[in-house]
Amino acid sequence: MLQCQKCDQRYIGTTGRQLKHRLADHRGYILNQVTSRATGAHFNLPGHSLAHLKVTILEQTRSNDEEYRKEREKYFIRKFDTYNLGINKEW
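Residues numbered from 1 in each chain as written. Predicted model: local features only at pLDDT ≥ 70, side-chain atom pairs only at ≥ 80, totals over all residues. Heavy atoms only, no water.

Draft legend 1. Structural detail: the sheet that holds strand S3 (residues 53–55). What the 3 strands build is an open sheet, ordered S2-S1-S3; its pairing is antiparallel. Strands at the two margins of the open sheet, each flanked by one partner only, are strand S2 (10–11) and S3. Note: strand S1 (residues 2–4) against S2, 2 bridges, orientation antiparallel. Each residue of the ladder has a partner; that of Gln3, found in S2, is Arg10. Running over the sheet, helix H1 (residues 19–31) touches S1, S2 and S3 and is turned about 165 degrees from S3. (Pairing = 2+ DSSP bridges. Helix = DSSP H or I, 4+ residues; strand = E, 2+ residues; numbered from the N terminus. Contact = heavy atoms within 4.5 Å. Axes fitted to C-alpha atoms, helices over the stretch in contact; angles between N-to-C directions.)

Below, the structure is given as structure tokens:
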């Protein structure tokens, strides 16, 4: 989960890669102002920056099954309601 420490909005995502590599993607969206990506758009809002980004691991699955990871991602998106109250924009 990525969380904005300025406004407390959250983004839920999953990856089969190492977290540091996936996080580098999100940092790139922010630093390069890639506003077509949810995190790039949010952290480039006025008054927001990369400094407001907080990362929390919600769950580490033992399975590398992508379908299973996607189902867990959907569960957490619903649990935190990150479509209505957060940064997630697509399923």
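Draft legend 2. Spotlight on the environment of Cys7. Summarising the element assignment, Cys7 is placed in the loop between S1 and S2. For the pair Cys7 and Asp25, spaced 18 residues apart in the sequence, the C-alpha separation amounts to 22 Å. Filtering out sequence-adjacent residues up to four positions away, Cys7 remains in contact with His42 and His48.

Draft legend 3. Main features of the environment of Glu59. Among the structural elements, Glu59 can be located in the loop between S3 and helix H3 (66–80). Looking at Glu59, the relative accessible area reads 36%, which means it is partly exposed. Considered as a pair, Glu59 and Pro46 are 13 residues apart in the sequence and their alpha carbons are 31 Å apart. Residues contacting Glu59, with those up to four places away along its chain left out, are Arg72 and Phe76. A distance of 2.8 Å separates a polar atom in the side chain of Glu59 from a polar atom in the side chain of Arg72. (Buried < 20%, exposed > 50% of the residue type's maximum accessible area, 1.4 Å probe, protein only. Polar contact = N/O pair within 3.5 Å; in protein donor to acceptor, adjacent residues only side chain to side chain.)

Draft legend 4. Structural detail: the environment of Ser49. Tracing the chain through its elements places Ser49 in the loop between helix H2 (38–42) and S3. Counting along the chain gives 32 residues from Ser49 to Arg17, while the straight-line C-alpha distance between them is 25 Å.

Draft legend 5. How the structure looks around the pattern of salt bridges. What the rule picks out here adds up to 5 salt bridges. Among the ionic pairs, Lys74 bridges to Glu71, the shortest N-O distance being 3.7 Å. Of this pair, Lys74 and Glu71 both sit in helix H3, 3 residues apart, which is roughly one turn of the helix. In the salt-bridge network here, residues are joined through shared partners; they are Arg17, Arg22 and Asp25. (Salt bridge = Lys/Arg side-chain N within 4 Å of Asp/Glu carboxyl O.)

In short, the description is geometric, and any link to function would need to be established separately.
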